[in-house]
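These are the residues of each chain, in order.
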Amino acid sequence: MVQIRKVGVIGAGQMGSGIAHVCALGGYDVLLHDVSPDRIEAGVELIKKNLSRQVVRGIIGQEAMDAALSHVKPAPELQAVGATDLAIEAATEDEQVKKTIFKALQPHLGPDTLLASNTSSISITRLASATDRPERFIGLHFMNPAPLMKLVEIIRGIATDAETYDTAVKFAQSLGKTTANAEDFPAFIVNRILVPMINEAIYTLYEGVGTVDAIDTAMKLGANHPMGPLELGDFIGLDTVLSIMNVLYDGLSDSKYRPCPLLVKYVEAGWLGRKTGRGFYDYRGDVPVPTR
């Protein structure tokens, strides 16, 4: 079994920086890569900010924060990630983007390097087929935000071997995570259930059954959800919600997974949620205000 000591994370956005955060806290050396030095710098700053929050809340000590930060190193050149024991792709939820990354990384990989994708919906078998090592390729789906959420879905492609799976499970558990095995079907377990619920909430808004506030209040107080489905969609990113719904609709050919036209409209408008300042709520003021 491969001994994982150094981890490469490709993508320094919210998910990538979160994965780098938990890996560094777990004592692993982490190389963080993105398409520009500015994005890497922003990712490192986000890690510092979130570690500081954990210190303030008493979740970790200052020494643990300092140790974690010492483990994180910027990797402006993608080839540097090839020298790691495990390379985790955490780029945007687009199959072609992910395959392009793995093809670019391939010439620089060591013979024993394991590959993983943090995809939340795309076939691990198809992604693995774009590499020279499908047997050493696996899905490691961290939940968002990775430093707080306890679950990691482990998804094997058709060619993933037993040693890769065992190593992935051991690695995720070493980060203090609970693992759940999911078969390689569109959107796996969590998003197969969660994202259609968000889509249905958008249909409920679209059809005038309730307002944004009424729908979110109803689900928070009526179903004991910590966050309403429209608020959650904004948190995830409405572009990601749409992407997952399209994967479900295309992969399962079932009309119940048809993306709501209102979701499509919001994405076309660039109203993607918190990250753009507007989604089903407007976040540009002191208090989020419904946009419908």
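Residues numbered from 1 in each chain as written. Predicted model: local features only at pLDDT ≥ 70, side-chain atom pairs only at ≥ 80, totals over all residues. Heavy atoms only, no water.

**Describing the UniProt feature "binding site: NAD(+)" (unreviewed entry) in the chain**
According to UniProt, the "binding site: NAD(+)" (unreviewed entry) feature falls on Gly11, Ala12, Gly13, Gln14, Met15, Gly16, Asp34, Glu93, Lys98, Ser120, Asn144 and Lys275. Within the annotated group, the residues that form the lining of the second largest pocket are Gln14. Non-local contacts of Gly11, meaning those with residues more than four positions away in its chain, are made with Gly16, Ser17, Leu32, His33, Asp34 and Ala90. Summarising the element assignment, Ala12 is placed in the loop between β1 (6–10) and α1 (14–25). (UniProt positions renumbered as here; feature names shortened; annotations may be inferred. 1 Å grid on protein atoms, 1.4 Å probe; cavity = no way out; pocket = protein on both sides within 12 Å on 5 of 7 lines; lining within 4 Å. Contact = heavy atoms within 4.5 Å. Helix = DSSP H or I, 4+ residues; strand = E, 2+ residues; numbered from the N terminus.)

**Here's the deal with the packing of helix α7 (residues 190–206) against helix α9 (residues 229–236)**
Two elements in contact, α7 and α9, have axes separated by 9 Å at closest approach and are oriented at 120 degrees. Relative to α9, the element α7 is oriented oblique. The chirality of how α7 crosses α9 is left-handed. Contact residues: Leu194, Met197, Ile198, Ala201, Ile202 and Leu205 in α7; Pro229, Leu230, Leu232, Gly233 and Ile236 in α9. (Axes fitted to C-alpha atoms, helices over the stretch in contact; angles between N-to-C directions. Parallel < 35°, antiparallel > 145°, perpendicular 65-115°, else oblique. Left-handed = near helix turned anticlockwise from the far one by under 90°.)

**Topic: the layout of surface pockets**
Here the second largest pocket defines a volume of roughly 300 Å³. Around the second largest pocket, the lining comprises 13 residues; the ones closest to its centre are Asn50, Arg53, Pro145, Pro147 and Leu148. Elements represented by at least two residues in the lining of the second largest pocket include exactly α1 and α2 (37–56). Across the lining of the second largest pocket, the residue classes tally to 5 nonpolar, 5 polar and 3 charged. (Points joined across faces, edges and corners; volume = space filled by probe spheres on them. Nonpolar A, V, L, I, M, F, W, Y, C, P; charged D, E, K, R; others polar.)

**Section: the pairing of strand β6 (residues 137–142)**
Burial within β6 is extensive, with 6 of its 6 residues counted as buried. Of the two faces of β6, both are covered, the one formed by Phe137, Gly139 and His141 as well as the one formed by Ile138, Leu140 and Phe142. Pairing geometry for strand β5 (residues 114–117) and β6, over 3 bridges, is parallel. Each bridged residue has a counterpart across the sheet, and for Ala116 the counterpart in β6 is Ile138. With 5 bridges joining them, β6 and strand β7 (residues 151–156) adopt antiparallel strand pairing. Opposite Leu140, over in β7, you have Ile154 as the bridge partner. (Buried < 20%, exposed > 50% of the residue type's maximum accessible area, 1.4 Å probe, protein only. Pairing = 2+ DSSP bridges.)

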